[in-house]
Every structure is written in C-alpha cells, then in structure tokens.
Amino acid sequence: MTDHSGVIRTARRSPLVLGLAAAVLAASMVPAGGVPPTAPATTALATTEPTGPDALQRPFALPGHVERDANGALFVGEGESRFALRVNLLTTSGRLIRENQGLLPYVADVGPVTVDGSYYEVRISSDDRTVTPDRLGAMREILAHPDDWPQEQVDQARDLLPTLESRYEQTRRDEQQIVIRFARTAPNTLVGAVTALQDDTTVFLEAAPPWGEPSSYRVTDRGIRASSPGLDDPDLTGHFALTPTRRPDSGASYASVSDLVAGMQGGDAAPGSAAAALRYTLDEDETITFTSTVSDAPASAEASTAATGQAGQGAILAALARARARADAGTLSGSGPAGRSATAMRTAMGLNANYDERFRQRFLVWGWGRGGAENDTIFTGWDSAWDAIIALTVDPELAQEHERDLFDAGGPRYDQLHSGPMHAYAVKRIYSATGDLDLVREAYPALADFIDRLPEWDVNGDGLLEAPYDADPSKVGNHLGLDDLPSYWSANRVPKDGGSGDERDNTDLTDVALTSYYALMAQTMAELADALGRDADAQRYGALFHDVKRAVNETLWNEERGMYLDRHLDGRWGDVVTGTVFYPLFGGVATDERARRTVRENLLDPEQFWGEYAVPSISRAGAEYCANGLEAPNASSSYRYYAGWNQENSCEQWRGAVWPPMNATIYDGLKRYGLDEAAGGLAARSTAMWLDTWDRNGQFPEYFDPEPGQTINASAVDSAWRYYTWSNVMPLMSVHELVAEDPWGTPGSVTFGSLVLEGRNTVDDVRVGGRTYAATVSPDGTELRQDGRQVFRAVGARVVVRDFVATDRRACFEVNAEAPARLQFFPVRGAPHRTTVDAGRTELCL
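## Regarding the state of the cysteines
Inspection of every chain in the model, using the stated rule, returns 2 disulfides. Covalently, Cys 626 is tied to Cys 651 through a disulfide, its sulfur atoms 2.1 Å apart. With the S-S dihedral at roughly 105 degrees, the linkage between Cys 626 and Cys 651 falls on the right-handed side. Taken together, the residues span a long stretch of sequence, with Cys 626 in the loop between helix H16 (592-603) and helix H17 (660-672) and Cys 651 in the loop between H16 and H17 at a distance of 25 residues. Judged by relative accessible area, which is 0%, Cys 651 ranks as buried.

## Here we look at the pattern of salt bridges
Evaluated as defined, the whole model comprises 52 salt bridges. Across the pair Glu 554 and Arg 550 runs a salt bridge, and its minimum N-O distance is 3.4 Å. Taken together, the residues Glu 554 and Arg 550, both in helix H14 (residues 535-555) and 4 residues apart, mark about one turn of the helix. Its relative accessible area of 55% is what places Glu 554 among the exposed residues.

## As for the sheet that holds strand E15 (residues 287-295)
Pairing is antiparallel in the open sheet, where 8 strands are placed in the order E5-E6-E7-E8-E15-E12-E11-E10. The sheet terminates laterally at strand E5 (107-113) and strand E10 (216-220), the two strands that pair on one side only. In this sheet, neighbouring strand axes are inclined to one another by 15 degrees on average, regardless of whether the strands run parallel or antiparallel. Seen against the sheet, helix H8 (residues 341-352) touches E5 and strand E6 (119-125) and runs at an angle of roughly 110 degrees to E5.

## Digging into the sheet that holds strand E27 (residues 739-741)
An order of E27-E28-E33-E34-E37 is seen for the 5 strands of this open sheet, with the pairing classed as antiparallel. For this open sheet the edge positions go to E27 and strand E37 (840-845), each flanked by a neighbour on one side alone. Averaged over all pairs of adjacent strands, the angle between their axes in this sheet comes to 15 degrees, without regard to strand direction. Bridge analysis of strand E34 (residues 811-817) against E37 gives 6 bridges, and the strand direction is antiparallel. Within E37, the residue paired with Cys 812 across the bridge is Cys 845.

## A short note on the packing of H8 against helix H9 (residues 383-394)
Packing of H8 against H9 leaves a shortest axis separation of 10 Å and a crossing angle of 120 degrees. Classified by the angle between their axes, H8 and H9 sit oblique to one another. Judged by the twist between their axes, the crossing of H8 over H9 is left-handed. Facing Met 345, Arg 346 and Met 349 of H8, the residues of H9 in contact are Asp 387, Ile 390, Ala 391 and Val 394. Here the contact of H8 with H9 is composed, by residue class, of 5 nonpolar, no polar and 2 charged.

## Overview of the packing of aromatic side chains
Taken as a whole and judged by the stated rule, the model has 33 aromatic pairs. Judged by centre distance (6.4 Å) and plane angle (85 degrees), the ring pair of Tyr 517 and Phe 586 falls under edge-to-face. Of the two residues, Tyr 517 is situated in helix H13 (residues 512-531) and Phe 586 in helix H15 (residues 583-587); the sequence distance between them amounts to 69 residues. Neither residue differs from the other here; Tyr 517 and Phe 586 are each classed as buried. Ring centres 5.4 Å apart and planes at 80 degrees place the aromatic pair Phe 752 and Phe 804 in the edge-to-face group. Here the residue Phe 752 occupies a position in strand E28 (residues 750-752), and Phe 804 occupies one in strand E33 (residues 799-806), the gap between them amounting to 52 residues. By relative accessible area, which is 0% here, Phe 804 ends up buried. An aromatic cluster is defined as three or more aromatic residues linked by ring pairs; in this entry it consists of Trp 366, Phe 379, Trp 382, Trp 654, Trp 659, Tyr 703, Tyr 724 and Trp 726. The ring of Tyr 541 is capped by Arg 540, whose NZ or CZ atom sits 4.5 Å from the centre of that ring. Residue placement shows Arg 567 over the ring face of Trp 573; its charged tip is 4.0 Å from the ring centre.

## Some points on empty space enclosed by the protein
Taken as a whole and judged by the stated rule, the model has 8 cavities of 30 Å³ or more. Here the largest cavity defines a volume of roughly 100 Å³. Taken together, Arg 429, Tyr 667, Asp 668, Lys 671, His 736, Ala 740, Glu 741, Asp 742, Pro 743, Trp 744, Thr 751 and Arg 802 form the lining of the largest cavity. Secondary-structure elements contributing two or more residues to the lining of the largest cavity are H17 and E27. Counting residues per element, the lining of the largest cavity draws most heavily on H17, at 3 residues.

## Structural notes on the pairing of E34
By the criterion of burial, E34 is predominantly enclosed, with 7 of the 7 residues buried. What you see with E34 is no split at all: Ala 811, Phe 813, Val 815 and Ala 817 on one side and Cys 812, Glu 814 and Asn 816 on the other are buried throughout. Count of turn residues in the E33/E34 antiparallel hairpin: 4 residues.

## Overview of the side chain of Asp 458
Within the fold, Asp 458 resides in the loop between helix H12 (437-453) and strand E20 (493-494). Once residues within four sequence positions are removed from consideration, Asp 458 is found in contact with Gly 463, Leu 464, Leu 465 and Glu 466.

## Some points on the packing of H9 against helix H10 (residues 396-408)
Between H9 and H10, whose axes approach to 6 Å, the crossing angle comes to 155 degrees. Taken together, the axes of H9 and H10 are roughly antiparallel relative to one another. Of the residues in H10, those in contact with Ser 384, Asp 387, Ala 388, Ala 391, Leu 392 and Val 394 of H9 are Pro 396, Leu 398, Ala 399, His 402, Glu 403 and Leu 406. For the contact of H9 with H10, the residue count by class is 8 nonpolar, 2 polar and 2 charged.

Rules behind the numbers
Residues numbered from 1 in each chain as written. Predicted model: local features only at pLDDT ≥ 70, side-chain atom pairs only at ≥ 80, totals over all residues. Heavy atoms only, no water. Disulfide = S-S within 2.5 Å. Helix = DSSP H or I, 4+ residues; strand = E, 2+ residues; numbered from the N terminus. Buried < 20%, exposed > 50% of the residue type's maximum accessible area, 1.4 Å probe, protein only. Salt bridge = Lys/Arg side-chain N within 4 Å of Asp/Glu carboxyl O. Pairing = 2+ DSSP bridges. Axes fitted to C-alpha atoms, helices over the stretch in contact; angles between N-to-C directions. Contact = heavy atoms within 4.5 Å. Parallel < 35°, antiparallel > 145°, perpendicular 65-115°, else oblique. Left-handed = near helix turned anticlockwise from the far one by under 90°. Nonpolar A, V, L, I, M, F, W, Y, C, P; charged D, E, K, R; others polar. Phe/Tyr/Trp six-rings, centres within 6.5 Å; stacked < 30°, edge-to-face > 60°. Lys NZ or Arg CZ within 6 Å of the ring centre and 35° of its normal. 1 Å grid on protein atoms, 1.4 Å probe; cavity = no way out; pocket = protein on both sides within 12 Å on 5 of 7 lines; lining within 4 Å. Points joined across faces, edges and corners; volume = space filled by probe spheres on them.

Below you can see the structure in the form of structure tokens.
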C-alpha cells in the first residue's frame, strides 16, 4: 500500500477500503467556523476536564498564551474584552523578572503543562544560567591543558575565569526560585498558587491589559478588580477579579504599565487605573493562593471568586493537586524509554501555545529566545508548518487554529520557497486526520498562487528549480531556511528574465532540495484539489509531479556516489554533500531502488551521516563539517567543539549541527518509502538527543550537536533559543513510531508499530479521524486501542502497520513484519479475526 509513484493515493484503493476511509473521515468532520458550545461556568473547585476548542468560547481563561509570558494567564470575556495576570519575582538585587525577553532566561523548569489549560506549572529562578558549571569547566580545561588550545583561547580563559567563577558563586548564594501553578476550575476561572523556595522572596500578583487594551484596574479589600469594554462589541463589558486567600503586604494601581513596573521595583510611579499589583514577601516553602476569573458582570465575577475564597487555601491546593494528578488524562501522554517523550512534548507545546489577538485564535510561537516582536504573531515561514504537524498529534484543534491563523495572516511567505510546500503538506495532514475541508478551502487559493510562481526559478525550462541568488554567504540558503549551508556557496549569479516580481536573481545551481519541495507541493496540491472536487487542477498538478520526478531522475542522480545531488547547469556536480541529498524521498521523486541505495550507502554510513547523534546537516566527511570557528576539533573528550566564550560551538548553524526539521524531513521520506528500520533508528536517535537536553536543562532548543563530545547545553548546540517549537519534531518521530495519522495513507487512517524502539513504550490519546488511539509497542508485541477498546494485536515479531482503517466489523491495512507474526483484529462483536503473515510486506483485510 505504500505509494511512491505519485498517483493519487485513493485512486488505487479497493472499494471496501475507500468505504471504510470515507466513514472514518465523515465521523471526523468539524462544524464550519467553530466548536460545540461550552457548558455554563461554575464556581466549583472541581477542575475541568480537557476541553480542546471549548477553551475559546468566551469567556475563557488560559494559563500562558500571552506571547512569551510563561508566568501568567490570559482572560478573554464576551465581546473580546481582555485581561492578563502575571506572577513576578523581584530579586534581592532589585531585578524584576516579569515578562517577554526579560523573563525567558529565568524559566528554570516547565511542567506538567496541558495544552487545553487544565493544568500549568513552571519554576522561575533568579539565575539566568548564563554562567554554568559546564561553561566554567571549559575555561578550566583550557588552562589545565594550554598546549592543546590556541593561545587566544588560553588568554581568554585566564582573563575571564576568575570573574566568571565569582559571578557564579554570587548567583548561587543569591538565587531565589518560585513555583507557579494554575488549574482551571471552570472555562472562565483559574485557581493558582505561588510557592517560594527560599526565604525573603518577594513576588507580585499583577493584573494589566495584555495588549494595551483600554481598561480600568483597582485594588480593593478583596484583591484586584478590573473592567474593559469588548473590542468586538463595546456594548459588552468584561469584568476581571483576582481574589487571593491572604491579604497582601501592599497593593496599588498605576497610571500606566511603565508606572506599574517602576512601582514594583520601588521607583517613582504615578497612581492611576491602567494596571495593578499586589505585593507579598514569602518565606521558604510558603505559598499564596488565589482565584482569578473573567465574566460579563461584576456580580458574576464576585460570586465566582467568593465561592473559592470562602473555601480557602486548602481547597485551592487540593484542586491544584487533583489537576496535576490527572494532567495526563484525556490528553497526549506516554511511557517507556521513548514513549515518555510524548508527555514532555505535550508540555513543551503547551508552553509555546499563544493567542493571536488579531484573529482571535490560538497559534504556536516559533521560538523563544533572541527574537523580539516577530514572536508576537504567527511566523509564516516553514517553521510554523512543522509546528502545525506537531500540534496535530498533541491537539488537533490547536493544529487547525494554528494553520488557519497562518492563512488569516496572509499565507506562506514567498521568500522561503519551501514555506508553500510545507504548509500545503501541513494542511493535507490536518485534513487527513480531522476532515477539516473548510481549512482546505481557505488555504487553497494562496497555495495555488504559491506553486504557480515557483517556475520562475527554473532557469533553463527543464522542470527543475535552481537556487535564488544571495551575495551574503551567511544567507545563501535562506530561500529554504538553510542559512549558511555551504552547498550554495558555489552558485553563480544568473540575471532573472521576467518572473513574478520577486527581486532575487537566479543562479546556475539546480537545487535538489528546492526541487524536491516543488514535487511534494505538486502532489499535495493534486490531493487537495481532489478533495475539493477540482478535477482539472488535480490532473494538472499530478502531471506536474510526474514531470518533475522524471527530470530529477534524468539529471540529479549521481550514479558514482549513489545519491541525488545539486548540479550546475553546465553539468558539474555540487561539491558539498548535505542532508538535503535525502529530500527526494520526502518529495516522492526517488525511485525505490535509488532510495534504498542512498539510504544504505550514505545515510547509514557513520563516516557520513549516521552515528549516535544524527543527522548532521553536512556530511562528516566534508571539509566544512563543524568548521565554524575551529580548523579541527579540540583534543578534549568534553569540549571537543568548544570555540570560545560566547561562541562555544564550531558546529553552529548549518555547518554540521543536527536540525530537527531536517531530521523530520528525512524521517517522513523514509516512512514514505517503507524504510522502517532506518526510520525507527532515526526516531530513536532524535528522541534520545531531545530527551537529554530536556532532562538535564528543561529546554527544547533550535538545534543539536552532531555527535557527542560537547557537554555545554547537554546535546544542544544553541543556548539562546531555549524553547523552539520545531524542536519537538525530534520526539514526535518516536510518537509516530507508536501511533499517528498516516501522512502517506488513506485519509483517516493510522500507522503504528516500530522495528527499532527499545523496551516497552506506550502512548495514549492520539486523535485521528474522530477516534482516539493508544498503542503499546515492545519487542514482544504490538497492540492498538481505538476509543478505549483493543482492536489489534501482533505477536511473534516486531511489526509496522500502515494505512490502518477499521470499522466495527473489520480492518484493512498493510503490515511490515521483521519475521513471521501472528495478527488479531478484534471486532465489536464476535470472535477475533486471526491470521499469520510472513516476514516482509503484506496487504490484507481482517
């Protein structure tokens, strides 16, 4: 059933399988424009069950969701009135750890977090982790072995180490930490707690407009009260109430947010009604609790918080404990060596979930770190396509909102020429898993315009695309988000003749990666056109795919090296081998034989791309590998790629680092071609790297080391982008080894099972096609549950099942078994259906 030919997948399926798939997809259809109504808000302290999209039925309250504010919550009332609550830490040195860029370095730990807001927990520290034991260790290693290091690094270490050691010790002595917890007790109500981990810890409970909305805040004898007119309906006024269970040491309201910040730091501040804060000084292990709510009337807000306030701190703590205990219930979670990454991935995605105040829906910020205002709205490049694909496994409704937000914001950006292909791929996967045809309708015009512009990069009219020109060596790969990838350094400028208005010139370098994306988009557009009943478009895009595939195999296959490779128009081959040589599998243009050969001879070769840490962005055999600051690796087992203070790693950027989206692109290509052993090996390696950084540093970074030997930042290269959403494709691969929607299968189908993952791994609450799936995968057997009921079991050998579609009476699928295996399908009524399959691939219905 695995289809590499480019024929529209459903065209060759049996009527039975198509009927099963149609039933599954119909069950998953969502109503146009929204979600089912939410039950009325209550003031009970029983925490809410996961609610998915109901969270955005006004009024609602969600922890986080104000860009890069990990320490607070967002409240939105009827008519779109808005309020923000923050918990701020004032350090002993007078630094206010509050929001946005000032907060990020101080997030010490995260989780558990649920995407739907039912529970949220973070730990904030006064230590920004700029100076760490590992960084000090690098300085000490240089001074201990000065003959092994350049004199410049020795001098730097000698100058910096005393100051850095003193700074580190002072930071340790002065460190203060707080733990912030939220739980939803009703759609519009959060209870919360703040616990100090050291004596003399000063915290503020702040209430302010999240995006400068006109509003009024005041401190009362019961806490903070606020009101704000609805932005969509000014006749509707929202009311916010923050009610702590203990009186603050002091409180005040201020004339502006600037005055608020100055007042919290002890400076001059004008009184007023633009924002307010309550101050508390806590001892070690002391906790304050509170209730916060948004409503359409002051009386409702008062009644909601009064019930909780009268219940007291004990009731709030009990509600928080219950919410934490069931944080994994009804939402993505897992167990086992790789399966546990599902739970961590859900927490990471929950941290990066945001609210778009322009379009009134959720999206995922692309990354927290160096970025500024661009993180406050959805990023319309390729990053956010992977973000949507991750969200599809974590919370399908979030994936739908995220991708809809992108098209509301204008669609994929054209300077990244793969953003169109990737967002087409994301829309296709969301449609296949949810049946959201409205999203396809909304996205289709922008995607059609995008693909129609791409031929302007075909210089000689052969159907293959050449890379655009950029004179800056650090940006030569920007058209594909590949920044400084050296494979583009040899491209020669070719003046553009005509085109769509894009000002970039062409080059003479036929780009195997760009062409693979072009093919992917052509086939994906054919499938989306087919879903919309646009038969002529489907045929046109299908023909384009086949033309590109033929041209790729005629021109870009290097028989001697056994790989698809960039090539100059004069016939010369590209001289730098990168991970993009495997992209033709993702694009579906590789032949089966060539796909197997290039994986066997190149990907799985530890001298090039394989190893404990994989896949490096440049072949390890290349001269440019990890040469961004060092001519050769250091003679050190722990600081092999250390390049100096604040430089740290010679594998920076696309000079050898492992990039999550490159790994995911290669993984999806391997799965497309049924190369399950290689795919499972890549999933296991990717997940292990991600978990190493998560377990040790509580971070999910932008990119990773290409091999062990650099202890700074655990397995991560970069420390600036500590919370980068696409990082989560690393554990996503293992989750997809367990169970996921099948991107290459029938819409509504799932794939599950692994030939490689070690130990017993489980994953729960993966939603596809209107069903909820859970899987248990181990060397002893593979089991799948659908809506809480076991539907499949395989024993006797490891198996990978594809294109699995089941009704109450039977299931159809493809199975790849490593050895003879015994299979069972469990219908709703009657005896199990049993069969035995031989090693290899078998298509069957049970």
